[in-house]
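# Structure assessment
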Amino acid sequence: VVSIGHSSARLAEAALGVSSGAVMITHLFNAMGAFHHRDPGIIGLLGRPELHNRLWYGIIADGLHADPTSVAMAFQSHPGGAVLVTDAMAGMGLAPGLHSLGAQQGGIKS
């Protein structure tokens, strides 16, 4: 899967990426240029309905990585392309103590 994101690409560059085979936007709104009314950058791809049949976007909808209003705007722009992403690690929700987290030992503090 070819994905774009974590970039300050302009809208024309992002659209070229999609026409060249990119099918996913990684972590919409995170580590990318802010939306600007004259050049919305990667975010502007959601405003291109002709791309919706081949474009997905991952979004971390935790209220920290993306404001709920931003999540709602993205979803209303392209509901069929939303992929909810978590930023949690394997230790999320475990009790305090030492735990195996994949091939590593990790400590959880309360």
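Our structure is the block above this text.
Presented here is an overview of the structure given in this document. (Residues numbered from 1 in each chain as written. Predicted model: local features only at pLDDT ≥ 70, side-chain atom pairs only at ≥ 80, totals over all residues. Heavy atoms only, no water.)

### Things to note about the overall build of the chain
- Helices and strands together make up the secondary structure of the chain, namely 2 helices and 6 strands.
- Walking the chain from its N terminus toward its C terminus, one meets helices and strands in the order β-α-β-β-α-β-β-β.
- On C-alpha atoms alone, the chain measures out to a radius of gyration of 17 Å, which is more than a quarter above the 13 Å that the 2.2 N^0.38 rule sets for 110 residues.
- Counting the 110 residues in the chain, one finds 31% classified as buried.
- In the chain, the proportion of contacts linking residues at least 24 apart, taken out of those at least 6 apart, comes to 54%.
- Summed over its atoms, the accessible surface of the chain is roughly 7,000 Å², and 59% of this surface lies on carbon and sulfur atoms. (Helix = DSSP H or I, 4+ residues; strand = E, 2+ residues; numbered from the N terminus. Rg over C-alpha atoms; globule rule 2.2 N^0.38 Å. Buried < 20%, exposed > 50% of the residue type's maximum accessible area, 1.4 Å probe, protein only. Contact = heavy atoms within 4.5 Å. Areas by Shrake-Rupley, 256 points an atom, 1.4 Å probe, with all protein chains shown as cover.)

### Thoughts on the nonpolar core
- If you look at the biggest cluster of nonpolar residues, it comprises 21 residues, and the most contacted ones within it are Ile4, Ile25, Leu28, Ile42, Leu45, Tyr57 and Ile59.
- Where this core is concerned, the elements lending two or more residues are helix H1 (11–19), strand E3 (56–59) and helix H2 (68–77).
- Among the elements that take part in this core, H1 stands out by supplying 4 residues, more than any other.
- Excluding residues that lie within four positions of it along the chain, Ile25 makes contacts with Ser3, Ile4, Met32, Ile42, Leu45, Leu46, Leu55, Trp56, Tyr57 and Gly58. (Core = buried A, V, L, I, M, F, W, Y, C linked by side-chain atoms within 4.5 Å.)

### Describing the pairing of strand E6 (residues 104–108)
- Sheet analysis places strand E5 (residues 97–101) next to E6, joined by 5 bridges and oriented antiparallel. Paired with Gly97 across the two strands is Ile108, which belongs to E6.
- Linking two consecutive strands that pair antiparallel, namely E5 and E6, is a turn of 2 residues; a positive phi of about 70° is found at Gly102 within it. (Pairing = 2+ DSSP bridges.)

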